Amino acid sequence: MDPIQNKLAPRLTLGRKLLIVILTFAGLFVANFLAYDHLLDELDQTATAVDAAGRQRMLSQKIAYMAFQISAGHDTDRGTLKELTAEFHETLEAFKHGGPSRNFFVSPAPATIAPLVSAEEAVWKPYREAALALSGAAAGGPAFRRALSYVESHSEALLSACDDVTAAYRKTAEDATRGMARLMLLLIALNLLFGAVVFYFTQKKIVGPLLILDKAAAEITAGNFRELPPVSSGDEVGSLFKTFSEMSRTISRDVEKRAAIAGLLAILLEHGTLAELLEKFLENIMAIPWLTHESKGAILLADTGGTSLRMAAQRGLAEGTAAACRNVPYGRCLCGRAAESGKTVFAPVLDERHEVHYEGMRPHGHYCLPIKGKDKLIGVLNLYLRPGHKYDEGEQAFLEAACAIIAKAVEYKNLEAKAFQAQKMESLGKTAGAIAHDFNNILTVTQGFNDLALETLPAGSEAERFVKETASGLDRGSALVKQILAYSRNQPAEMSALDLNAVISGLSGMLGVVLEKKIRLKLSLAPGLPLITGNKGQLEQVLVNLAVNARDALLPKGGEFSITTSRPENTPAGTCGKEVADCSNVVRLAVSDDGCGMPPEVAERVFEPFFTTKPEGQGTGLGLATVYSLVQLHKGGINITSSPGQGTKFDIYFPANP
């Protein structure tokens, strides 16, 4: 049946079924009553006819007897003979046409008996004439003797005809009685059959299902949430089964959701790295059987620049899938769309929005939910669904709660890492500063004696050359001390209002020398930037250190080094660094290169002092640590965005002057 017609078709409810049962019972009762009434009426008529036929036989005998009495001289019996003759004739007429017989109505004889009545009438007509003549003729006369002779000679024939009619009526009565018995047995059988059907229906369709519901309710009370088997009934019992199953499934899922949320909260309180916690979060969520497909999913975290997602944890993904989704730009594929819009993206099947393709990809669906912190996007939760999975608001609400817990975990771990980093850098800074001060004193003395030695040596001598080499090494040591002091914040700096574009323009010549010829320097300086408060020398050192870092990433192949300034608008709070109080009033300095880039685990450590990926003897590990320290001295914030083969970008935010 067409679904629309099925909806429009009247539903056979319990009320309608009960009405059918009542009407059927009423019909059977009426049928029983009518059949019984008909049989009683037929039996009554048959009994009256049998009684009349029997009395008619008796009348034939009385008429013969009265004729004998009259012949014996009992003239007083003449009147009785007339009455008997009239009664016999009245009964015969009733058999023929229907009518009264001794004040009882007799129906016309049925077709089976009518010939016998006609035969009786043929015998009766002359017999009646003889009887009437006998009752009126003078005794002993010729007419009297002829009439008497006829009555005497034909009384047996009349009696025989009456016997035939009586026997026929008796047989009809017996047949009617047997028919009534058969009909009553049939009606009783029908009643019993219908009662059995009603009992079976009641037991199977009402009592049985209600007992199953009662047992299922007891199981729910005991904590066993099972779905009931579907029933074909379309009445209230079927609806009750369906509703109960949905209720059981909903309660079961709610219990599983609460257990999952409790598990996520427990994981939130555990100690471990962020990667370990994210793996446990995924494992907990995908343990719910009705939610995920083949236990596949991933958590992607937003980079510091807020332009792309990187996979931080995954479960069940093949190598090709993980590689294709390792780095997803905002707006691309389902995860990128969720990150860009900040809203849940649901796809029951693969559609045009699923832009990432890989070999062996099978049909599936997705829930992609943004993991949002207080003021910014933290990442995206991606779950694989069975193809054709139906959207459910309860599922989304649960997953949003899970994302909120994951967001808290990421924020806590980031704060923990920043606090640890700050403590470590402060400790290293103090240690390095103390060493630098002592070392600077040693260098000052050594440099003084080296200068005195240089003055006493003959010009152009080999000893003078050696002392000059020593002076060059002392200068490099002095420069290193200054860098360490700048990092440790022990070197005071004078702050003033500066034009960032002017600082960059004035340093462009030196940057060209630092970068060498294979590297192109590109400047994109936005006009009309507000002034910032800073130290020119320290800002120049920030630019030079970043240029040196880019040069090492670009050589020997070469490439492009870009410096861009801008006045960003609608910058979300928290994206420009915790040191910046107001992200809506900042000047941004973006420094980028198209070099080899770096993996996430390296990018997370680039600001650590003495951390370097360069070969031994080719780097101190203080360049980017100094940049981080100097940016903090300017109450600014710095973010890094990098991935292998995609280059590196530093976004630095300085508070703008009023």
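Residues numbered from 1 in each chain as written. Predicted model: local features only at pLDDT ≥ 70, side-chain atom pairs only at ≥ 80, totals over all residues. Heavy atoms only, no water.

Visitor: I'd love a proper account of the overall build of the chain, names of residues and values included.
Guide: When helices and strands are tallied, the chain shows 15 helices and 15 strands. Taking all 658 residues of the chain together, 40% fall into the buried category. Within the chain, contacts between residues separated by at least 24 positions form 67% of all contacts whose residues are at least 6 apart in sequence. When the accessible surface of the chain is totalled, it reaches about 35,500 Å², and 58% of it is carbon and sulfur. (Helix = DSSP H or I, 4+ residues; strand = E, 2+ residues; numbered from the N terminus. Buried < 20%, exposed > 50% of the residue type's maximum accessible area, 1.4 Å probe, protein only. Contact = heavy atoms within 4.5 Å. Areas by Shrake-Rupley, 256 points an atom, 1.4 Å probe, with all protein chains shown as cover.)

Visitor: Explain helix α15 (residues 623–633) to me, and be specific about the residues and the numbers.
Guide: Among the 11 residues of α15, 8 are classified as buried, and the element is accordingly described as predominantly covered. When we look at burial in α15, the residues that qualify are Leu624, Ala625, Thr626, Val627, Tyr628, Ser629, Leu630 and Val631. Phi for Lys635, located one or two positions after α15, is positive at around 60 degrees.

Visitor: Describe the sheet that holds strand β7 (residues 365–372), listing the residues and the values that go with them.
Guide: Spatially, β5-β4-β3-β8-β7-β6 is the arrangement adopted by the 6 strands of the open sheet, whose pairing is antiparallel. Either end of the sheet is taken by a strand with one partner, and the two such strands are β5 (327–329) and β6 (345–347). If you compare each strand with its neighbour and ignore which way they point, the axes differ by 25 degrees on average. Note: strand β3 (residues 297–302) against strand β8 (residues 377–385), 5 bridges, orientation antiparallel. Looking at β8, one finds that Ile299 is bridged to Leu381. Contacts between helix α7 (residues 274–286) and the sheet are confined to β3, β4 (308–315) and β8, with β4 contributing the most and set at about 65 degrees to the helix. (Pairing = 2+ DSSP bridges. Axes fitted to C-alpha atoms, helices over the stretch in contact; angles between N-to-C directions.)

Visitor: A description of the nonpolar core should follow, citing residues and the corresponding values.
Guide: Leu500, Leu546, Phe561, Leu589, Phe607, Ile638 and Ile652 are the most contacted members of the largest nonpolar core, which totals 41 residues. Listed by contribution, the elements that provide at least two residues to this core are α12 (500–515), α13 (536–554), β12 (559–566), β13 (586–593), α14 (600–603), α15, β14 (637–642) and β15 (648–655). No other element matches α13, which puts 8 residues into this core. Excluding its chain neighbours within four sequence positions, the residues that come into contact with Leu500 are Ile532, Leu539, Thr565, Val587, Leu589 and Phe654. Among the nonpolar cores identified, the runner-up in size contains 35 residues, and Ala67, Ile70, Val106 and Ala131 belong to it. (Core = buried A, V, L, I, M, F, W, Y, C linked by side-chain atoms within 4.5 Å.)

Visitor: Residue-level account of the packing of aromatic side chains, with values.
Guide: Taken as a whole and judged by the stated rule, the model has 8 aromatic pairs. Here the aromatic rings of Phe346 and Tyr367 are separated by 5.0 Å at their centres, their planes lie at 45 degrees, and the arrangement is tilted. Placement of the pair is Phe346 in strand β6 and Tyr367 in strand β7, with a sequence separation of 21 residues. An aromatic cluster is present here, built from Phe88, Trp124 and Tyr127 joined pairwise through their rings. (Phe/Tyr/Trp six-rings, centres within 6.5 Å; stacked < 30°, edge-to-face > 60°.)

Visitor: Break down the pairing of β8 for me, with residues and values.
Guide: Of all 9 residues in β8, 9 are buried; the element is thus mostly enclosed. In this structure, β7 lies alongside β8, joined through 8 bridges in antiparallel fashion. Residue pairing for β8: His366 is matched across the bridge by Tyr384.

Visitor: Would you mind going over the side chain of Asn535 in detail, with residue names and values included?
Guide: Within the secondary structure, Asn535 is located in the loop between β11 (532–534) and α13. You can call Asn535 buried: its relative accessible area is 15%. Engagement of the side chain of Asn535 in a polar contact is seen with the backbone nitrogen of Gly537, the distance being 3.1 Å. (Polar contact = N/O pair within 3.5 Å; in protein donor to acceptor, adjacent residues only side chain to side chain.)

Visitor: Describe empty space enclosed by the protein, listing the residues and the values that go with them.
Guide: This structure, assessed with the given rule, holds 3 cavities of 30 Å³ or more. The calculated volume of the largest cavity comes to roughly 90 Å³. Every residue along the wall of the largest cavity is listed here: Cys325, Val328, Cys333, Leu334, Cys335, His354, Val356, Tyr358, His366, Cys368, Asn382 and Tyr384. Contributing elements (two or more residues each) for the lining of the largest cavity: α9 (333–341), β7 and β8. It is α9 that provides the largest number of residues to the lining of the largest cavity, a total of 3 residues. Residues that form the lining of the largest cavity fall into these classes: 9 nonpolar, 3 polar and no charged. Each pocket or cavity is described by its volume, and for the second largest cavity that value is around 50 Å³. Around the second largest cavity, the lining residues are Ala298, Leu300, Met311, Leu317, Cys325, Cys335, Asn382 and Tyr384. Those elements giving two or more residues to the lining of the second largest cavity turn out to be β3 and β8. For the lining of the second largest cavity, the residue count by class is 7 nonpolar, 1 polar and no charged. (1 Å grid on protein atoms, 1.4 Å probe; cavity = no way out; pocket = protein on both sides within 12 Å on 5 of 7 lines; lining within 4 Å. Points joined across faces, edges and corners; volume = space filled by probe spheres on them. Nonpolar A, V, L, I, M, F, W, Y, C, P; charged D, E, K, R; others polar.)

Visitor: Account for the packing of helix α4 (residues 114–136) against helix α5 (residues 142–221), naming residues and giving values.
Guide: As a packed pair, α4 and α5 sit with axes 8 Å apart at the nearest point and diverge in direction by 155 degrees. Viewed along their axes, α4 and α5 adopt a mutual orientation that is roughly antiparallel. With respect to the hand of their crossing, α4 and α5 are arranged in left-handed fashion. The class makeup of the residues in the contact of α4 with α5 is 21 nonpolar, 2 polar and 2 charged. (Parallel < 35°, antiparallel > 145°, perpendicular 65-115°, else oblique. Left-handed = near helix turned anticlockwise from the far one by under 90°.)

Visitor: Can you lay out a nonpolar patch on the surface for me, pointing to particular residues and giving the numbers?
Guide: Residues Phe29, Val30, Phe33 and Leu34 make up a contiguous nonpolar surface patch of roughly 440 Å² in combined accessible area. Residue position: Phe29 is located in helix α2 (residues 14–71). (Patch = residues over 30% accessible without salt bridge, like charges linked within 9 Å, V, L, I, M, F, W, Y side chains within 5 Å. Salt bridge = Lys/Arg side-chain N within 4 Å of Asp/Glu carboxyl O.)

Visitor: Summarise the packing of helix α3 (residues 78–97) against α5; cite the residues concerned and give the values.
Guide: It is the contact of α3 with α5, at a shortest axis distance of 14 Å, that shows an interaxial angle of 35 degrees. When you trace α3 past α5, the crossing you get is left-handed. The residues of α5 that touch α3, namely those facing Arg78, Phe88 and Phe95, are Phe144, Leu158, Cys162, Val165 and Tyr169. Residue classes in the contact of α3 with α5 are distributed as 7 nonpolar, no polar and 1 charged.

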